[in-house]
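Fold and contact review
Spelled out from the first residue to the last, the chains are:
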Amino acid sequence: SGDLHVNQHATWGMSEEITLAQKKCDLADLLCELCADLDDVERIILRAEGPAIVLGDPVLLEVLFRNLLDNAVKYASSGSDISIVLKPEIDGYSVLFENEPGSAGMPDPARVFEKYYRAPRAQEEIGSGLGLYIVRGLVDLMGGSIEYMPTTRHIRFKVWIPC
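So, here is what we can say about the structure in this document. (Residues numbered from 1 in each chain as written. Predicted model: local features only at pLDDT ≥ 70, side-chain atom pairs only at ≥ 80, totals over all residues. Heavy atoms only, no water.)

1. Here we look at the sheet that holds strand 7 (residues 145–148)
- Here five strands make up an open sheet; going across it, the order is 3-5-6-8-7 and the pairing mixed. The outermost strands of the open sheet, each flanked by one partner alone, are strand 3 (44–48) and strand 7. Each neighbouring strand pair of the sheet contributes to a mean axis angle of 15°, computed without reference to strand direction.
- Inspection of the sheet shows strand 5 (residues 82–89) paired to strand 6 (residues 92–99) by eight bridges, in the antiparallel sense. Considered in strand 6, the bridge of V85 is made with L96.
- Contacts from helix 3 (residues 131–141) reach strand 7 and strand 8 (155–162) within the one sheet, and its direction differs from that of strand 7 by about 145°. (Pairing = 2+ DSSP bridges. Helix = DSSP H or I, 4+ residues; strand = E, 2+ residues; numbered from the N terminus. Axes fitted to C-alpha atoms, helices over the stretch in contact; angles between N-to-C directions. Contact = heavy atoms within 4.5 Å.)

Printed below as a string of structure tokens:
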């Protein structure tokens, strides 16, 4: 069938086992579909030339990217653009999500991936503080990496997914 099922335990404190249903996924197609589903699609600047094929779990990749995209839309300054750039890297692909901070301000770099962490001014928005914690767990489970790379003017998250 071409599918590879790998049983691994998430490293983020969940007791149940997550099964990775690994199959060939095109990250460019996945990102295009996620962006097209948004109400604010006109705010998204997507640079994703395909194909960008990885061996991954399409459901978990969608959860991971949707979470980062939803956060960017929710916490960006009103009406500002959100940039997503997919590009090839050594042995994988990186996806950079970038937005201007809105009223919630910049997340604390030391705490941004902590369970239940929310920036003090983010309390005005609905949220649990679990999104980026889950994203980091999924990225780790898939053998990838995620970095929070803020600049003076932008919130930036870079995800690397292995081929």
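2. Quick notes on unusual backbone geometry
- Positive phi is not limited to glycine here, since D91 has a value of about 60°.
- Assignment of secondary structure puts D91 in the loop between strand 5 and strand 6.
- On the basis of relative accessible area, D91 is assigned to the exposed category, the value being 58%.
- Look at Y116: it is not a glycine, yet its phi comes out positive at around 70°.
- Assignment of secondary structure puts Y116 in the loop between strand 6 and helix 3. (Buried < 20%, exposed > 50% of the residue type's maximum accessible area, 1.4 Å probe, protein only.)

3. Quick word on helix 2 (residues 58–75)
- In this model helix 2 runs 26 Å from its N-terminal to its C-terminal C-alpha over 18 residues, within 8% of the 26 Å that 1.5 Å per residue would give.
- Among the residues making up helix 2, those that are buried are L60, L61, L64, F65, N67, L68, L69, A72, V73 and Y75.
- N-capping of helix 2 is provided by D57, with a side-chain oxygen placed 3.0 Å from the backbone N of V59. (Expected span 1.5 Å × (residues − 1). Polar contact = N/O pair within 3.5 Å; in protein donor to acceptor, adjacent residues only side chain to side chain.)

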